[in-house]
2 protein chains.
Amino acid sequence: MNSCAVTVDVVVFTILERKLHLLLIRRLGKPFQGRFALPGGFVLENESVDDAAVRELREETGVHDVYLEQLYTFGEPKRDPRGRVITVAYYALIPPTQDLRSTTDASDAAWFAADDLPSLAFDHARIVDTARTRLRNKLAYTNVGFELLPEKFTLTELQSIHEAILGTPLDKRNFRRQIQQRAALEPLQAWRNTGRKPAQLFRFKV
Amino acid sequence: MNSCAVTVDVVVFTILERKLHLLLIRRLGKPFQGRFALPGGFVLENESVDDAAVRELREETGVHDVYLEQLYTFGEPKRDPRGRVITVAYYALIPPTQDLRSTTDASDAAWFAADDLPSLAFDHARIVDTARTRLRNKLAYTNVGFELLPEKFTLTELQSIHEAILGTPLDKRNFRRQIQQRAALEPLQAWRNTGRKPAQLFRFKV
DNA sequence: TCAAAAGTGTTGAAGATACACCCATGG
DNA sequence: CCATGGGTGTATCTTCAACACTTTTGA
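How each quantity is defined
Residues numbered from 1 in each chain as written. Chains lettered and ligands numbered in written order. Predicted model: local features only at pLDDT ≥ 70, side-chain atom pairs only at ≥ 80, totals over all residues. Heavy atoms only, no water. Contact = heavy atoms within 4.5 Å. Buried area = accessible area lost by both parts, 1.4 Å probe. Salt bridge = Lys/Arg side-chain N within 4 Å of Asp/Glu carboxyl O. Helix = DSSP H or I, 4+ residues; strand = E, 2+ residues; numbered from the N terminus. Nonpolar A, V, L, I, M, F, W, Y, C, P; charged D, E, K, R; others polar. Buried < 20%, exposed > 50% of the residue type's maximum accessible area, 1.4 Å probe, protein only. Polar contact = N/O pair within 3.5 Å; in protein donor to acceptor, adjacent residues only side chain to side chain. Near = heavy atom within 4 Å. Axes fitted to C-alpha atoms, helices over the stretch in contact; angles between N-to-C directions. Parallel < 35°, antiparallel > 145°, perpendicular 65-115°, else oblique. Left-handed = near helix turned anticlockwise from the far one by under 90°. Least-squares fit on C-alpha atoms with pLDDT ≥ 70 in both. Expected span 1.5 Å × (residues − 1). Pairing = 2+ DSSP bridges.

Colleague: Explanation requested: the interface of chain B and chain A in the structure shown.
Modeller: At the interface, 24 residues of chain B touch 24 residues of chain A. Where chain B abuts chain A, roughly 2300 Å² becomes buried across the two surfaces, and 54% of that area is made up of carbon and sulfur atoms. Where chain B meets chain A, there are 0 salt bridges. By residue number, the principal contributor to the side of chain B that touches chain A is strand S5 (residues 67-74) of chain B, which donates 3 residues. Looking at the side of chain B that touches chain A residue by residue, the class counts come to 12 nonpolar, 7 polar and 5 charged.

Quick look at the structure:
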């Protein structure tokens with residue numbers, strides 16, 4: 001029976017300073033030693049591929065309990081110089097609150113602005129491109145943007161997430177009308193005051 | 001280095017008698033001996049996963065040079081009773097002209113109406129569901145329907161493909177207006193006469 | 001009182017939907 | 001001449017896009 005190594009790699013998105021960021025780790029071992037790469041690792045014998053993605057994410061970065069979706073499987077024979085490795089790529093969306101953690105097999109887990117990435121190991125640049133495209137498309141017909149926000153948020157924060165992902169400015173009034181039509185937002189009797197006029201907080205209704 | 005068997009499976013769609021059909025093969029060996037399954041097989045050492053899908057499709061069914069797109073990767077540990085097998089699923093769209101072929105490791109390749117499938121081996125029923133959903137969604141924003149037609153076709157044929165995939169009847173005038181807006185159809189000076197009033201043939205403009 | 005972000009409606013254009021009759025052909 | 005599928009236009013509704021001013025607060 002023919003056999004290959006199978007890995008998972010996860011593109012972890014968040015929003016920092018109103019810009020789309022993603023999580024990279026610096027490789028300690030060869031190949032691509034010292035280069036940045038997506039968190040990921042080998043699928044174990046008795047776990048599903050989905051479970052492997054959850055586990056690797058937690059082990060390498062400390063991120064857990066987040067939105068995680070399978071992206072695409074990359075299976076070019078030469079994509080890993082060590083030999084035949086097929087990777088199942090995922091992407092995750094996390095609110096800007098979770099703490100990162102470094103472990104022995106992956107140090108320097110850090111956020112990078114999606115528009116200003118360093119050179120990546122393996123074919124990870126291509127995986128990131130695929131993930132960004134998927135995220136952009138998904139935003140148009142789902143409420144996936146909420147996964148990038150804390151439980152309570154202002155409409156301006158929500159809008160700036162959409163703008164960060166789409167890369168274009170949106171009209172404030174049109175955005176508010178549309179998002180409230182499709183997303184069932186619950187206005188809270190709470191306001192965030194960040195210096196200027198306080199902004200009302202909302203919650204995503206279940 | 002950890003290691004799993006990796007297969008590809010392909011959901012091959014076509015339209016027969018104005019209904020969505022897909023291609024199944026009867027399994028000769030164990031497990032699920034005698035049951036129907038999707039065409040597929042193991043990924044070889046020196047081919048990409050995409051190439052494996054193309055090769056298996058050709059080997060098992062004779063189908064070649066068709067629209068083929070990666071669908072999803074299924075990696076539950078127990079999905080194959082023989083052991084750990086991860087499968088990368090694809091779907092293909094073929095015009096109703098290609099001849100089928102049977103080989104030694106897969107006999108009885110045959111078309112089944114998508115709404116009237118036999119019980120399938122492994123988790124292939126789930127893969128088929130995933131493929132049908134993807135195809136339905138994709139129809140809304142791409143011209144993927146053309147892949148199911150021969151080079152020259154009538155607008156009624158094109159409409160009936162959309163109806164077969166979506167499962168709902170469409171308005172003839174609205175359909176024609178919309179499809180000609182987004183698809184760049186070239187009307188040909190040729191008509192198909194199937195008994196009644198001849199219908200004009202069209203071609204998908206490159 | 002000024003700077004900064006919050007909040008709020010209307011209008012026009014484009015796209016989607018609903019709907020019915022005449023035409024050309026083969027039998 | 002009749003049965004069958006081919007072919008065509010309009011009116012309405014819904015959705016999307018463009019656009020500017022007032023309000024509240026902290027400094």
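Still more ground to cover, so stick around.
Colleague: Before we go on, may I ask you to explain unusual backbone geometry in this structure?
Modeller: With the exception of glycine, the majority of residues adopt a negative phi angle, and the majority of peptide bonds are in the trans configuration. Residues and elements named next belong to chain A. Of the consecutive residues Lys30 and Pro31, the connecting peptide bond is found in the cis state with omega at -10°. A positive phi angle is found at Asp65, which is not glycine, with a value near 55°. On the secondary structure map, Asp65 appears in the loop between helix H1 (49-61) and strand S5 (67-74).

Colleague: I'm lost on the pattern of salt bridges in this one. Help?
Modeller: Oppositely charged side chains can form a pair if their charged atoms are brought close together. Under the definition given, this model contains 22 salt bridges over all chains. Its salt-bridge partner being Arg55(B), residue Glu56(B) comes within 3.2 Å of it at the nearest N-O pair. Each of the two residues, Glu56(B) as well as Arg55(B), counts as buried. For Arg132(B), the salt bridge goes to Asp115(B), with nearest N and O atoms at 3.2 Å. Of this pair, Arg132(B) sits in helix H2 (residues 124-141) while Asp115(B) is found in the loop between strand S7 (107-113) and H2, placing the two residues 17 residues apart along the sequence. Through salt bridges with shared partners, a single network forms among Glu47(A), Arg55(A), Glu56(A) and Glu59(A).

Colleague: What should I look at first to understand the side chain of Thr14(B) in this one?
Modeller: Residue and element names in this part refer to chain B. As for its position among the elements, Thr14 is in strand S1 (residues 5-16). You can call Thr14 buried: its relative accessible area is 1%. Only 2.7 Å separates the side chain of Thr14 from the backbone oxygen of Ile94, close enough to count as a polar contact. Excluding residues within four positions of it along the chain, Thr14 makes contact with Lys19, Leu20, His21, Ile94, Pro95, Pro96, Trp111 and Leu148.

Colleague: Is there a simple way to think about the protein's contact with DNA strand C in this case?
Modeller: Close to DNA strand C lie 19 residues, the nearest being Thr156(A), Lys172(A), Gln200(A), Asn174(B) and Gly195(B). Within 4 Å of the protein, atoms of DNA strand C come from sugar and phosphate in 33% of cases. Contact between DNA strand C and Gln200(A): a phosphate oxygen at 2.8 Å from a main-chain N or O atom of the residue. Contacts to DNA strand C include Arg173(B), whose side-chain N or O atom sits 3.3 Å from a base nitrogen. Counting residues per element, the ones that place at least two in the surface near DNA strand C are helix H4 (172-183) and strand S10 (199-204) of chain A together with helix H4 (172-183) of chain B. Residue composition of the surface near DNA strand C, by class: 3 nonpolar, 5 polar and 11 charged.

Colleague: I would appreciate a short explanation of the packing of helix H2 (residues 124-141) of chain A against helix H3 (residues 155-166) of chain A in the present structure.
Modeller: In helix packing, the relevant descriptors are the interaxial angle and the interaxial distance, both defined with respect to the helix axes. Residues and elements named next belong to chain A. One can describe the packing of H2 onto H3 by two numbers: an axis separation of 9 Å at closest approach and a directional angle of 135°. Our classification of the angle between H2 and H3 gives oblique. In this structure, H2 crosses over H3, and the sense of that crossing is left-handed. Along its contact with H2, which presents Leu135, Arg136 and Leu139, the element H3 presents His162, Ile165 and Leu166. Considered class by class, the residues forming the contact of H2 with H3 number 4 nonpolar, 1 polar and 1 charged.

Colleague: I'm lost on the relation of the copies chain B and chain A in this one. Help?
Modeller: Each copy of the chain is related to the other by a rotation around an axis and a translation along that axis. Each copy superposes on the other: chain B lies on chain A with an RMSD of 0.1 Å after a rotation of 180° and an axial shift of 0.0 Å. Taken together, the rotation and translation describe the operation of a two-fold axis. When each C-alpha of chain B is compared by its distance to the rotation axis, Cys4(B) comes out closest, at 2.8 Å. An overlap of 100% is found between the interface residues of chain B and their copies at the interface of chain A, pointing to a shared contact surface.

Colleague: What's the story with H1(A) in this structure? I'm lost.
Modeller: Three or four residues apart is the spacing at which side chains of an α-helix point the same way, because the helix has 3.6 residues per turn. Residue and element names in this part refer to chain A. For H1, built from 13 residues, the straight-helix expectation of 18 Å at 1.5 Å per residue is met to within 8% by its first-to-last C-alpha distance of 18 Å. All of the buried residues along H1 are Val49, Ala52, Ala53, Arg55, Glu56, Leu57, Glu60 and Thr61. Once H1 ends, the next one or two residues include Gly62, with phi positive near 80°.

Colleague: Hey, could you run me through the sheet that holds strand S9 (residues 185-192) of chain B in this one?
Modeller: Sheet strands line up and pair through hydrogen bonds in the backbone, either parallel or antiparallel. All names here are of chain B. The sheet built from 3 strands is open, its strands ordered S8-S10-S9 with antiparallel pairing. Of all strands in the sheet, those with a lone pairing partner are strand S8 (152-154) and S9, marking the two edges. Neighbour to neighbour, the strand axes of the sheet diverge by 40° on average, direction disregarded. In this sheet, strand S10 (residues 199-204) lies alongside S9 in antiparallel orientation, the contact comprising 5 bridges.

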